Amino acid sequence: MSVNKIKEVLLSNVVFLSDKDKIEFNAYFPKKVYTTERNISLVVLLTQVVMLLLFISNRNLNLSNLRTVGYISLYIFLLVVTIIAIFIYRYAFNNNHFKMFLWVRRFYCFMICLWLMGITFLDLMKGSDLSVYSYLLPTMAAVLLLSPIESIVIFSLTWVILISSVIMFVDTGSIFGILINSIFVTVLSIFISFRYYRSLAIEFLDGKIIHEQVLEIKSANNQLEEIAHRDQLTGLYNRHYLHQVVYPMFAEYSSKDLHSMCLLLDIDSFKQYNDEYGHLQGDECIKKITTKLIEFCEKYDAIAVRYGGEEFLVIKVSKEQFNAHDLTNEFINDIKNLKILREDTQLGYVTVSAGLWHDQLFKVSSLESAIQHADDALYRAKNNGRNCIVEAKRKN
């Protein structure tokens, strides 16, 4: 089996990450493990300092002994490597250099393994066993996150170097026992590393799934809310939206120095139109007027609401003063220019009446009051013969 095939099998059966997930996971896990691994590095640093102090303070220290020099050299080696790794590690993480972050971790893990191999080798030279190797390598696997391939390469290479060194340089009669025990510890460490990586990968995937589900739920809720806020025939906002969104917004702005208008529109004699042409044709008439109303609101940054069967409410709020009467007149003329034919009136086409309130927001107590003023003006417009604009009386 080729190396690529082995890698494919391991990744598919242990990690469960797609290519896209692996990219996202490589950006996710540094944030997850940074604090823990930084603290571990500090513990390693402190441990090396303590061991060096213990050696130096030993009155029986014999620097002519090669094993003693070897121990001291290994402690100094890991101390220096750890100091360098901590600074680069922090720099890479804080600056989001995740590729550098990954390589620093790999390098540091391998340096710890080399140190561990060196300590174990020196222990075996004086007749000790694999105790340091047996508890430190699995501990490394449990606390330092490595991908399956990284753990196989680093731990296996450490084992190969250790066994090769023992065979070549250590005179021991229990090489078979050392071989079996070291294989067991190495395989166990790889398995522990697999489990750790897999658990974090599953945690990542679970979090991603939950996040996607939350987004889907929010999207569905937004769609439902949009449906609840829209009139089915025209696509305009409905009175539910007016009460749930526009009223609070208006109340929030009421104390500010803003200009506003409330425009109530009513299709003239629409019941008579429905009786003459039928409800389907009446719906088409409403749709045509709605199209113009949407264009008008997009042009002047206003909100349109279907207020009743043939009534529409337009609300505009602006920092700049504007001529509300001219805007209303423009829309009235747009409806006239549609020339929606009807033979039951003298003009021969559909018209609308308008009740208009416009003033500074702080001059009205609430949106309900502004709408009421516009409604009163609309009532007067209908009594004045329809097809006209009547402005609400403004308070000075």
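The structure presented is a predicted model; accordingly, all values stated were derived computationally and were not measured.

1. Here we look at the overall build of the protein
Then, in step 1: Each helix and strand counted, the protein has 12 helices and 5 strands in total.
Then, in step 2: What you see for the protein is a C-alpha radius of gyration of 40 Å, clearly larger than the 21 Å of a compact globule of 396 residues, by over 25%.
Then, in step 3: Seen through its principal axes, the protein has C-alpha atoms that stretch 120 × 50 × 25 Å.
Then, in step 4: Taken over 396 residues, the protein has a buried fraction of 42%.
Then, in step 5: If you take every contact in the protein between residues at least 6 apart in sequence, the share linking residues at least 24 apart comes to 74%.
Then, in step 6: Carbon and sulfur atoms form 58% of the exposed surface of the protein, whose accessible area is close to 22000 Å².
Then, in step 7: Across the protein, the mean location of the 39 positive side-chain charges is 8 Å away from that of the 40 negative side-chain charges.

2. With respect to the pattern of salt bridges
Any two side chains of opposite charge can pair if their charged atoms end up close together.
Then, in step 1: Applying the stated rule across the entire model yields 13 salt bridges.
Then, in step 2: The residue E37 makes a salt bridge to R105 at a minimum N-O spacing of 2.7 Å. Note that E37 is positioned in helix α2 (residues 19–57) and R105 in helix α4 (residues 98–125), a separation of 68 residues in sequence. Note on accessibility: E37 and R105 belong to one class, buried.
Then, in step 3: For K382, the salt bridge goes to D266, with nearest N and O atoms at 3.4 Å. One end of the pair, K382, is in helix α12 (residues 367–383); the other, D266, is in strand β1 (residues 259–267), and 116 residues separate them in sequence.
Then, in step 4: What makes D266 buried here is its relative accessible area of 5%.

3. A few points about the side chain of H358
Then, in step 1: On the secondary structure map, H358 appears in strand β4 (residues 352–360).
Then, in step 2: Side chain to side chain, H358 and E391 meet in a polar contact 2.8 Å long.

4. Some words on helix α8 (residues 239–253)
Then, in step 1: Taking 1.5 Å of rise per residue, 15 residues should cover 21 Å, and α8 covers 20 Å from first to last C-alpha, within 8% of that figure.
Then, in step 2: Along its length, α8 shows its largest kink, about 35°, at V246, and proline P248 lies within four residues downstream of that point.
Then, in step 3: Listed in full, the buried residues belonging to α8 are Y241, L242, V246, Y247 and F250.
Then, in step 4: Looking at the buried positions of α8, the neighbouring elements they touch are α7 (175–229), β1, β2 (303–306), β3 (311–318) and α12.

5. Brief notes about the state of the cysteines
Then, in step 1: For the structure shown, the criterion picks out 0 disulfides.
Then, in step 2: Note on C113: no disulfide assigned, nearest cysteine sulfur contributed by C109 at a separation of 6.9 Å.
Then, in step 3: We classify C113 as buried; its relative accessible area is 0%.
Then, in step 4: C297 takes part in no disulfide bond, and the closest cysteine sulfur, belonging to C262, lies 12 Å away.
Then, in step 5: Of the residues examined, C297 reaches a relative accessible area of 7% and is grouped as buried.

6. What to know about helix α10 (residues 279–300)
Then, in step 1: Under the 1.5 Å per step criterion, the end-to-end length of α10 is 31 Å for 22 residues, consistent within 8% with the ideal 32 Å.
Then, in step 2: Among the residues of α10, G282, C285, I286, I289, T290, L293, F296, C297 and Y300 are the ones counted as buried. Within α10, the buried residues cover an arc of 140° as seen down the axis, which keeps them to one side. Exposed and facing more than 90 degrees away from the buried side of α10 are L280, E298 and K299.
Then, in step 3: Contact partners of the buried residues in α10: β1, α9 (270–277), β2, β3, α11 (324–338) and β4.

7. Observations regarding the pairing of β2
Then, in step 1: Bridging between β2 and β3 involves 4 bridges; their strand directions are antiparallel. Looking at β3, one finds that I303 is bridged to I315.
Then, in step 2: A loop of 4 residues connects β2 with β3, the two strands running antiparallel in sequence.

8. Here we look at the packing of aromatic side chains
Think of a pair of aromatic rings as described by two things: how far the centres are apart, and how the planes are tilted against each other in angle.
Then, in step 1: Enumeration over the complete set of coordinates arrives at 14 aromatic pairs.
Then, in step 2: Taking 6.1 Å as the distance between ring centres and 15° as the angle between the ring planes, the aromatic pair formed by F270 and Y273 counts as stacked. In this pair, F270 and Y273 are both assigned in helix α9, 3 residues apart and thus about one turn of the helix distant. With respect to burial, F270 and Y273 carry one shared label: buried.
Then, in step 3: Three or more aromatic residues link up through ring pairs in this structure, and these residues are F29, Y34, Y89, F93 and F101.
Then, in step 4: Its end group placed over the ring of W103, R106 keeps NZ or CZ at 4.6 Å from the ring centre.

Definitions and limits used
Residues numbered from 1 in each chain as written. Predicted model: local features only at pLDDT ≥ 70, side-chain atom pairs only at ≥ 80, totals over all residues. Heavy atoms only, no water. Helix = DSSP H or I, 4+ residues; strand = E, 2+ residues; numbered from the N terminus. Rg over C-alpha atoms; globule rule 2.2 N^0.38 Å. Buried < 20%, exposed > 50% of the residue type's maximum accessible area, 1.4 Å probe, protein only. Contact = heavy atoms within 4.5 Å. Areas by Shrake-Rupley, 256 points an atom, 1.4 Å probe, with all protein chains shown as cover. Lys, Arg positive; Asp, Glu negative; His and termini not counted. Charge placed at Lys NZ, Arg CZ, Asp CG, Glu CD. Salt bridge = Lys/Arg side-chain N within 4 Å of Asp/Glu carboxyl O. Polar contact = N/O pair within 3.5 Å; in protein donor to acceptor, adjacent residues only side chain to side chain. Expected span 1.5 Å × (residues − 1). Bend = angle between axes of the 7 residues up to and from the residue. Disulfide = S-S within 2.5 Å. Arc of directions from axis to C-beta. Pairing = 2+ DSSP bridges. Phe/Tyr/Trp six-rings, centres within 6.5 Å; stacked < 30°, edge-to-face > 60°. Lys NZ or Arg CZ within 6 Å of the ring centre and 35° of its normal.

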